[in-house]
Amino acid sequence: MELRHLRYFVAVAKYLSFTAAAESLGVAQPPLSQQIRDLEDEVGTALFERTTRRVTLTRAGHDFHVQALAILERAGEAVERARAIGAGTAGIINIGLTGSMLAGPLGPALRDFARTYPAVDLRIHEMSPDRQIAMLKSGQTDLSFLRCPPEDADLVRVCAWTETVRVVLPKGHRLATGALGLSDLRDERFVFLRLSDSLFANYLWDCCAEAGFVPSITYQAVEAASLTSLVASGLGIAIIPEFVARLAHADVVYRPLEGPPIRADVFALWMAPKAPLIANFVDLVRSGPAPAD
């Protein structure tokens, strides 16, 4: 049994006329009649009662008509959803990230994408940077956002947005006013992103080394957003991404650094090939937030 058999049956049931049904379908009547006979043979019972004057549905035909309409409707929905997924307007995106990413353009992008593509299910998975790579490669996530992503031939990466850094200092700190360069931080205690699983943390370490000192680290955290609270608690100072500094805290101050810029650019990563759904989301992130209404 094929879908065309059901379409032919539904047309005859609608018009109760093989001639009218054939005309609506754009087929000749003899082949249509043969297709209906083949269908009845496969079902094992008559679906129509035929006389020289009229065509009517049998009791089995009435019930089969209900089921046939439901099957054709579901088939149509399946086709439309497949087309939408192929066009990148429906489906599921599993996104790996650290929570601090939501402080930047990614947060508004999630909102705008959900409005533009309501048939897409966005699923957010917070995890450490090294775990994000493993999840991408295992197919458990479709897309990740990372600072200082590793060089990996299996992964495609593009810059999602550019970002610099800010220094977080306790309120009243001696460096809280005036010009501030990285070398001015040489005698400070630091709270740092965890060096074992963050290439961005290692990059910041290298920047300090190039400025002539090795940072004295009192505590390491997974989340950049956590560093601000640690600074407020008096455990040290921190270098955090620019957009994370927008999460205001009453007990700290945020300062820019003079001198060569320290980059905190965020990259989107995925396994090739890029599905249309991923392409649509990445394009929206890179284009920036939609204008306010």
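The following refers to the structure shown. What you see is a predicted model; the values in this text were computed from it and never measured.

**Focus: the overall build of the protein chain**
Part 1 of the reasoning: Scanning the protein chain from terminus to terminus reveals 9 helices and 12 strands.
Part 2 of the reasoning: Along the first, second and third principal axes, the C-alpha set of the protein chain runs to 105 × 40 × 30 Å.
Part 3 of the reasoning: For the protein chain, the proportion of its 293 residues judged to be buried stands at 44%.
Part 4 of the reasoning: Taking the contacts inside the protein chain whose residues are at least 6 apart along the sequence as the reference set, 73% of them involve residues at least 24 apart.
Part 5 of the reasoning: If you sum the accessible surface of the protein chain, you get close to 15100 Å²; carbon and sulfur atoms cover 52% of it.
Part 6 of the reasoning: In the protein chain, the 29 positive side-chain charges and the 33 negative ones have mean positions that sit 4 Å from each other.

**Here's the deal with the sheet that holds strand 11 (residues 252–255)**
Part 1 of the reasoning: Spatially, 3 strands are ordered 10-7-11 in an open sheet, and the strand pairing comes out antiparallel. Whereas interior strands pair on both sides, the edge strands pair on one side only; in this sheet they are strand 10 (238–241) and strand 11. Put simply, the sheet's adjacent strands are angled 35° from each other on average, direction ignored.

**Focus: the sheet that holds strand 4 (residues 120–126)**
Part 1 of the reasoning: Overall, mixed pairing links the 5 strands, which are arranged 4-3-5-12-6 in an open sheet. Because the sheet does not close on itself, it has two edges, and the strands there are strand 4 and strand 6 (155–161). Going across the sheet, the axis of each strand differs from the next one's by a mean of 25°, ignoring polarity.
Part 2 of the reasoning: Strands in contact with helix 6 (residues 129–137) are strand 3 (91–97), strand 5 (143–147), strand 6 and strand 12 (266–271); relative to strand 5, the strand with the most contacts, it is inclined by about 150°.

**Side note on the packing of helix 2 (residues 18–25) against helix 3 (residues 29–43)**
Part 1 of the reasoning: As a packed pair, helix 2 and helix 3 sit with axes 9 Å apart at the nearest point and diverge in direction by 105°. One way to sum up the angle between helix 2 and helix 3 is to call them roughly perpendicular. Residues Phe18, Thr19, Ala21, Ala22 and Leu25 of helix 2 form the contact with helix 3, whose participating residues are Gln29, Leu32, Ser33 and Ile36.
Part 2 of the reasoning: Class assignment of the residues belonging to the contact of helix 2 with helix 3 gives a composition of 6 nonpolar, 3 polar and no charged.

**Topic: the environment of Ser216**
Part 1 of the reasoning: For Ser216, the location among the structural elements is in strand 9 (residues 216–221).
Part 2 of the reasoning: The exposure class assigned to Ser216 is partly exposed, which follows from its relative accessible area of 39%.
Part 3 of the reasoning: Distance in space between the C-alpha atoms of Ser216 and Thr52 is 98 Å, their sequence separation being 164 residues.
Part 4 of the reasoning: Not counting residues within four places of it along the chain, the set of residues in contact with Ser216 comprises Glu188, Arg189 and Phe190.

**Looking at the packing of aromatic side chains**
Describing an aromatic ring pair means giving the distance of the ring centres and the angle of the ring planes.
Part 1 of the reasoning: Evaluation of the coordinates by the stated rule reveals 10 aromatic pairs.
Part 2 of the reasoning: Judged by centre distance (5.0 Å) and plane angle (85°), the ring pair of Phe9 and Phe64 falls under edge-to-face. Separated by 55 residues along the polypeptide, Phe9 in helix 1 (residues 3–15) and Phe64 in helix 4 (residues 59–87) bring together distant segments of the chain. The residues Phe9 and Phe64 share a single accessibility class, namely buried.

**What to know about the pattern of salt bridges**
Part 1 of the reasoning: Considering all chains together, one arrives at 13 salt bridges under this definition.
Part 2 of the reasoning: Residues Asp154 and Lys137 are paired through a salt bridge, measuring 3.6 Å at the closest nitrogen-oxygen approach. Here Asp154, found in the loop between strand 5 and strand 6, pairs with Lys137, found in helix 6; they are 17 residues apart in sequence, far enough to count as distant.
Part 3 of the reasoning: According to the relative accessible area criterion, Asp154 is partly exposed, its value standing at 43%.
Part 4 of the reasoning: Put simply, Glu188 and Arg174 hold a salt bridge, and the shortest N to O gap is 2.7 Å. Taken as a pair, Glu188 in the loop between strand 7 (165–170) and strand 8 (189–193) and Arg174 in the loop between strand 7 and strand 8 lie far apart in primary sequence, 14 residues in all.
Part 5 of the reasoning: Among the charged side chains, a salt-bridge network with shared partners connects Lys137, Asp152 and Asp154.

Rules behind the numbers
- Residues numbered from 1 in each chain as written.
- Predicted model: local features only at pLDDT ≥ 70, side-chain atom pairs only at ≥ 80, totals over all residues.
- Heavy atoms only, no water.
- Helix = DSSP H or I, 4+ residues; strand = E, 2+ residues; numbered from the N terminus.
- Buried < 20%, exposed > 50% of the residue type's maximum accessible area, 1.4 Å probe, protein only.
- Contact = heavy atoms within 4.5 Å.
- Areas by Shrake-Rupley, 256 points an atom, 1.4 Å probe, with all protein chains shown as cover.
- Lys, Arg positive; Asp, Glu negative; His and termini not counted.
- Charge placed at Lys NZ, Arg CZ, Asp CG, Glu CD.
- Pairing = 2+ DSSP bridges.
- Axes fitted to C-alpha atoms, helices over the stretch in contact; angles between N-to-C directions.
- Parallel < 35°, antiparallel > 145°, perpendicular 65-115°, else oblique.
- Nonpolar A, V, L, I, M, F, W, Y, C, P; charged D, E, K, R; others polar.
- Phe/Tyr/Trp six-rings, centres within 6.5 Å; stacked < 30°, edge-to-face > 60°.
- Salt bridge = Lys/Arg side-chain N within 4 Å of Asp/Glu carboxyl O.

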